[in-house]
Amino acid sequence: MRRITHAALALALATAALTALGTGSAGAADGSWAGCPSGAVCVYPQNQNPAASPSDVYWSYGAHNLSNQNGNHWVLNNQSGGAHAHLCRGAGGSDCVYDIAAQNGVWYDLGPINSLTLDRP
């Protein structure tokens, strides 16, 4: 029962943090969101909650391999125009398991994730 309670509390905190991110710096004049520049997908350091300063920023469409990313991280898709980002178990953008729509983010365990993709609308 304790494990379920902790999981529910963690989910509630993550949801609250994402809501705070969405209402906080998302409206910056330059389009940045929690330090993630407009048009980019950003990965934040492990357990940085709320997201404040990204450790990795990705700009180009296509697959990007990840390395040394373990545990929970915020991944924010600050692209526009309907561009998506995907978290993938395989290298080179294979075996994608999570879709992040434009202007959305996720708190995710990146341990089993080996790449991410930025995809055109």
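Residues numbered from 1 in each chain as written. Predicted model: local features only at pLDDT ≥ 70, side-chain atom pairs only at ≥ 80, totals over all residues. Heavy atoms only, no water.

Regarding the sheet that holds strand E2 (residues 56-58)
Phase 1: Pairing in this open sheet of four strands is antiparallel, and the strands run E2-E1-E4-E7 from one edge to the other. The open sheet terminates on both sides in strands that have one partner only, identified here as E2 and strand E7 (104-109). Ignoring strand direction, the axes of neighbouring strands in this sheet form an average angle of 15°.
Phase 2: Bridging between strand E1 (residues 41-43) and E2 involves three bridges; their strand directions are antiparallel. Paired with Val 41 across the strands is Tyr 58, a residue of E2. (Pairing = 2+ DSSP bridges. Helix = DSSP H or I, 4+ residues; strand = E, 2+ residues; numbered from the N terminus. Axes fitted to C-alpha atoms, helices over the stretch in contact; angles between N-to-C directions.)

Quick notes on the sheet that holds strand E3 (residues 62-65)
Phase 1: Strand order across the open sheet formed by four strands is E3-E8-E5-E6, with antiparallel pairing between neighbours. Each edge of the open sheet carries a strand with a single partner, namely E3 and strand E6 (96-100). Along the sheet, successive strands turn relative to each other by an average axial angle of 25°, direction set aside.
Phase 2: As judged from the five bridges shared by strand E5 (residues 84-88) and strand E8 (residues 115-119), these two strands associate in the antiparallel manner.

Structural notes on the state of the cysteines
Phase 1: All chains considered together, the criterion is met by two disulfides.
Phase 2: Across the disulfide from Cys 36 sits Cys 42; the S-S distance is 2.1 Å. Looking down the S-S bond of the Cys 36 and Cys 42 bridge, the torsion is 90°, so its handedness is right-handed. Both residues of the pair, Cys 36 and Cys 42, belong to the buried class.
Phase 3: Note on cysteine connectivity: Cys 88 is disulfide-linked to Cys 96, with sulfurs 2.1 Å apart. Judged by the sign of its S-S torsion, about 70°, the bond between Cys 88 and Cys 96 is right-handed.
Phase 4: Shown here for the chain is a disulfide pattern of 1-2, 3-4, where each number marks a bonded cysteine counted in sequence order. (Disulfide = S-S within 2.5 Å. Buried < 20%, exposed > 50% of the residue type's maximum accessible area, 1.4 Å probe, protein only.)

Details of the environment of Gly 93
Phase 1: With respect to the element layout, Gly 93 can be found in the loop between E5 and E6.
Phase 2: A relative accessible area of 22% means that Gly 93 is categorised as partly exposed.
Phase 3: Contacts of Gly 93, omitting those with residues within four sequence positions, involve Ala 63, Cys 88, Ser 115 and Thr 117. (Contact = heavy atoms within 4.5 Å.)

Quick notes on unusual backbone geometry
Phase 1: Omega for the bond connecting Asn 49 with Pro 50 falls within 30 degrees of zero, at 10°, which places this linkage in the cis form.
Phase 2: Even without being a glycine, Asn 47 presents a positive backbone phi close to 60°.
Phase 3: Position of Asn 47 relative to the elements: it lies in the loop between E1 and E2.

Things to note about the nonpolar core
Phase 1: In terms of nonpolar packing, the biggest core is built from 13 residues, with Val 43, Tyr 58, Val 75, Leu 87, Ile 100, Leu 110 and Leu 116 touching the most fellow members.
Phase 2: Those elements that provide at least two residues to this core are E1, E5 and E8. (Core = buried A, V, L, I, M, F, W, Y, C linked by side-chain atoms within 4.5 Å.)

A short note on the confidence of the model for the chain
Phase 1: On average, residues of the chain carry a pLDDT of 84, and 78% of them reach 70 or more.
Phase 2: Taken as a whole, residues 1-26 scores under 50 in pLDDT and shows 21 contacts with residues more than four places along the chain or in a different chain. (pLDDT = per-residue confidence, 0-100.)

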